[in-house]
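Take a look at the letters that make up each chain.
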Amino acid sequence: MNWTKEQRALVEKYSCKEEIPENDRKYKCHTCHLIVDESPCPVCGDVNPEIMCPLDNCDCSHEIAATIEYCPLCGEPVCPECGCHDVVQISRVTGYLQDVSGWNAGKKQELKDRRRYSVT
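Residues numbered from 1 in each chain as written. Predicted model: local features only at pLDDT ≥ 70, side-chain atom pairs only at ≥ 80, totals over all residues. Heavy atoms only, no water.

**Q** Got a sec to walk through the overall build of the chain? Specific residues and values, please.
**A** Across its full length, the chain carries 2 helices and 7 strands. When the elements of the chain are put in sequence order from the N terminus, they spell out α-β-β-β-β-β-β-β-α. Taking the principal axes of its C-alpha atoms as reference, the chain extends roughly 50 × 30 × 30 Å. A total of 120 residues make up the chain; the buried ones form 29% of that total. Excluding contacts between residues fewer than 6 apart, the proportion of contacts in the chain whose partners are at least 24 apart in sequence is 36%. Entry remark: accessible area of the chain is about 8,500 Å², with carbon and sulfur atoms responsible for 48%. (Helix = DSSP H or I, 4+ residues; strand = E, 2+ residues; numbered from the N terminus. Buried < 20%, exposed > 50% of the residue type's maximum accessible area, 1.4 Å probe, protein only. Contact = heavy atoms within 4.5 Å. Areas by Shrake-Rupley, 256 points an atom, 1.4 Å probe, with all protein chains shown as cover.)

Written as C-alpha cells, this is what we have:
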C-alpha cells in the first residue's frame with residue numbers, strides 16, 4: 001500500500017487511534033453503518049461506536065485480494081490495493097478456511113508474523 005505523505009505524518013504523530021484528540025475523531029457506528037463525528041452515535045444512539053482510523057478510506061471495490069497488509073497506525077488488516085480497513089481476513093487452518101475476526105490477539109499476531117511464499 002502506498003500511503004500518502006499526510007497519512008505517514010499521522011502515523012508519526014499518533015501511536016494508536018485512542019491518541020487522536022476527541023474533536024478530530026471520526027467514528028464507525030456498527031449499528032447504523034454510518035461514519036459519524038461524535039460518540040454516542042447521533043443517528044441511532046449506539047454508545048459504543050468504534051474510533052475510526054484516519055488512514056481508513058472506507059471504500060473498497062476489491063472483492064478478493066490474494067494478500068493482506070496491516071495498517072501502520074492501528075495494526076488492523078487492510079486491503080493492499082486501497083487501504084480500506086473493512087476487509088474480512090480468512091486463513092486456511094488445518095485444511096479449511098476460517099474468518100480470523102474471532103481469533104485472540106496472540107493467534108492474530110501469529111498470522112501477521114507468518115512468512116508468505118509465492119510459487120512461480
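**Q** So, unusual backbone geometry: which residues are in play, and what are the values?
**A** With an omega of 5 degrees, the peptide bond running from Ser39 to Pro40 counts as cis. Here the phi dihedral of His33 falls at roughly 60 degrees; this positive angle occurs in a residue that is not glycine. Following the sequence through the fold, His33 ends up in the loop between strand 1 (27-29) and strand 2 (34-36).

**Q** Any details on the environment of Leu55? Residues and values, ideally.
**A** Looking at where Leu55 falls in the secondary structure, it is placed in the loop between strand 3 (50-51) and strand 4 (69-70). Exposure remark for Leu55: the relative accessible area of 1% places this residue in the buried category. Separated by 43 residues in the primary sequence, Leu55 and Glu12 place their C-alpha atoms 12 Å from one another. What Leu55 contacts, discounting residues up to four positions off in sequence, is Trp3, Gln7, Leu10, Val11, Cys71, Pro72, Leu73, Gly83 and His85.

**Q** How would you sum up the nonpolar core? Please name residues and give values.
**A** In terms of nonpolar packing, the biggest core is built from 8 residues, these being Trp3, Tyr14, Ile20, Cys53, Leu55, Cys71, Leu73 and Val78. Excluding residues that lie within four positions of it along the chain, Trp3 makes contacts with Arg8, Leu55, Cys71, Pro72, Val78 and Gly83. With 5 residues, the next largest nonpolar core counts Tyr27, Cys29, Val36 and Ile51 among its residues. (Core = buried A, V, L, I, M, F, W, Y, C linked by side-chain atoms within 4.5 Å.)

**Q** Report on the packing of aromatic side chains, specifying residues and quantitative values.
**A** Taken as a whole and judged by the stated rule, the model has 0 aromatic pairs. Taking NZ or CZ as reference, Lys107 lies 5.7 Å from the ring centre of Trp103, over its face. (Phe/Tyr/Trp six-rings, centres within 6.5 Å; stacked < 30°, edge-to-face > 60°. Lys NZ or Arg CZ within 6 Å of the ring centre and 35° of its normal.)

**Q** Describe the sheet that holds strand 2, and please don't skip the residues or the numbers.
**A** Whenever strands of a sheet pair, they do so through backbone hydrogen bonds, lying parallel or antiparallel. The 3 strands are arranged 2-1-3 in an open sheet whose pairing can be described as antiparallel. Only two strands of the sheet have a single partner each, and these edge strands are strand 2 and strand 3. Here strand 1 runs beside strand 2; their pairing, made up of 3 bridges, is antiparallel. Note that in strand 2 the partner of Lys28 across the bridge is Ile35. (Pairing = 2+ DSSP bridges.)

**Q** I'd like a description of the pattern of salt bridges, backed by residues and values.
**A** Under the defined criterion, the tally for this structure stands at 5 salt bridges. Two residues, Glu50 and Lys17, come together in a salt bridge whose shortest N-O distance is 3.2 Å. Taken together, the residues span a long stretch of sequence, with Glu50 in strand 3 and Lys17 in the loop between helix 1 (5-13) and strand 1 at a distance of 33 residues. Overall, Glu50 belongs to the partly exposed group, its relative accessible area being 33%. Given a relative accessible area of 12%, Lys17 falls into the buried group. We note a salt bridge from Asp86 to Lys28, for which the minimum N-O separation is 2.8 Å. Linking Asp86 in the loop between strand 5 (77-78) and strand 6 (90-93) with Lys28 in strand 1, this pair joins segments that are 58 residues apart in sequence. The exposure class of Lys28 is buried, given its relative accessible area of 9%. Three or more residues joined by partner-sharing salt bridges are found here, namely Lys28, Asp56 and Asp86. (Salt bridge = Lys/Arg side-chain N within 4 Å of Asp/Glu carboxyl O.)

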